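# Structure assessment
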Amino acid sequence: MITYQGFYNFVQQYIDRDTIVGSDASMNYFGSLLLDVPAPGGFIVQSSYSSIGYIAAAATGLCLAKRDDQRVMVFSGDGGFQMTAQCLSTQTRFGLNPIIFVIDNGVYGVEQWLADSSVFHTDKSFYRPCVLHRWNYSKLSEVFGCQGWEVSTYGELDDAVTAALKNASSPSIIQVRVPDKSIPDNANWKTR
């Protein structure tokens, strides 16, 4: 089983000087802050306006602005991605190749965290408005004509990232299933 923090620990190995990393203003914001991104100017996040769903669509512009030898890798929450999923259409149309990780925990995690973070370390239930209508994000690749994977183990994640890195002609969407109460380590300060 992949955890939120385990995902970020694992994905670090794929980030080098030719990787542009982007993150949504979600629990991914916390997880991505712990990454070592060696490229100067290689970390993009919208922390001041904090608009969830921003980064998948922003990957379009990042792909258009990057050097040919760079690769765009972005991290979105499932709730935010539901707001901007149609960006895959434009990215596919123009042959752009971002790797979009959708961290699928089934909840608006950051909203729950802001409202009552104790839920993540107790038996308390999520606020009802924070529970998402479930999507099969990886299957959106069939709708938009790109590549998609659904993963729930580190072995599957390794296979998906390896395949996505080889896909140079379209977006790659990797749906990463994590438990609903799993959060990045540096978000735990508010939960206790």
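Residues numbered from 1 in each chain as written. Predicted model: local features only at pLDDT ≥ 70, side-chain atom pairs only at ≥ 80, totals over all residues. Heavy atoms only, no water.

Another point: the packing of aromatic side chains. Under the counting rule described, the total for this entry stands at 13 aromatic pairs. Where tyrosine 29 meets phenylalanine 30, the ring centres are 5.9 Å apart and the plane angle is 70°; that geometry is what we call edge-to-face. Note on phenylalanine 81 and tyrosine 137: the rings are 6.1 Å apart at their centroids and 70° apart in plane angle, and the pair reads as edge-to-face. Separated by 56 residues along the polypeptide, phenylalanine 81 in helix H4 (residues 78–84) and tyrosine 137 in the loop between helix H6 (109–116) and helix H7 (140–144) bring together distant segments of the chain. Taking relative accessible area as the criterion, phenylalanine 81 reaches 0% and is therefore assigned buried. When its relative accessible area of 0% is taken as the criterion, tyrosine 137 is described as buried. By way of ring pairs, the aromatic residues Phe7, Tyr8, Phe75 and Phe101 are connected into one cluster. The ring centre of phenylalanine 126 lies 5.8 Å from the NZ or CZ of lysine 181, which sits over that ring. (Phe/Tyr/Trp six-rings, centres within 6.5 Å; stacked < 30°, edge-to-face > 60°. Helix = DSSP H or I, 4+ residues; strand = E, 2+ residues; numbered from the N terminus. Buried < 20%, exposed > 50% of the residue type's maximum accessible area, 1.4 Å probe, protein only. Lys NZ or Arg CZ within 6 Å of the ring centre and 35° of its normal.)

Burial of nonpolar side chains together is a common tendency in soluble globular proteins. Membership of the largest hydrophobic core comes to 35 residues, with the highest contact counts inside it found for Phe7, Val11, Phe75, Phe101, Leu157, Ile174 and Val176. When residues of this core are traced back to their parent elements, those giving at least two are helix H1 (4–11), helix H2 (27–33), strand E3 (71–77), strand E4 (99–104), H6, helix H8 (154–166) and strand E6 (172–177). The element best represented in this core is H1, accounting for five residues. Discounting chain neighbours no more than four positions away, the residues touching valine 176 are Ile2, Phe7, Phe101, Val102, Ile103, Asp104, Val151 and Leu157. Judged by nonpolar contacts, the second largest core, of 21 residues, contains Ile20, Ala58, Val102 and Leu132. (Core = buried A, V, L, I, M, F, W, Y, C linked by side-chain atoms within 4.5 Å. Contact = heavy atoms within 4.5 Å.)

Everything listed here is a matter of geometry and, on its own, says nothing about what the molecule does.
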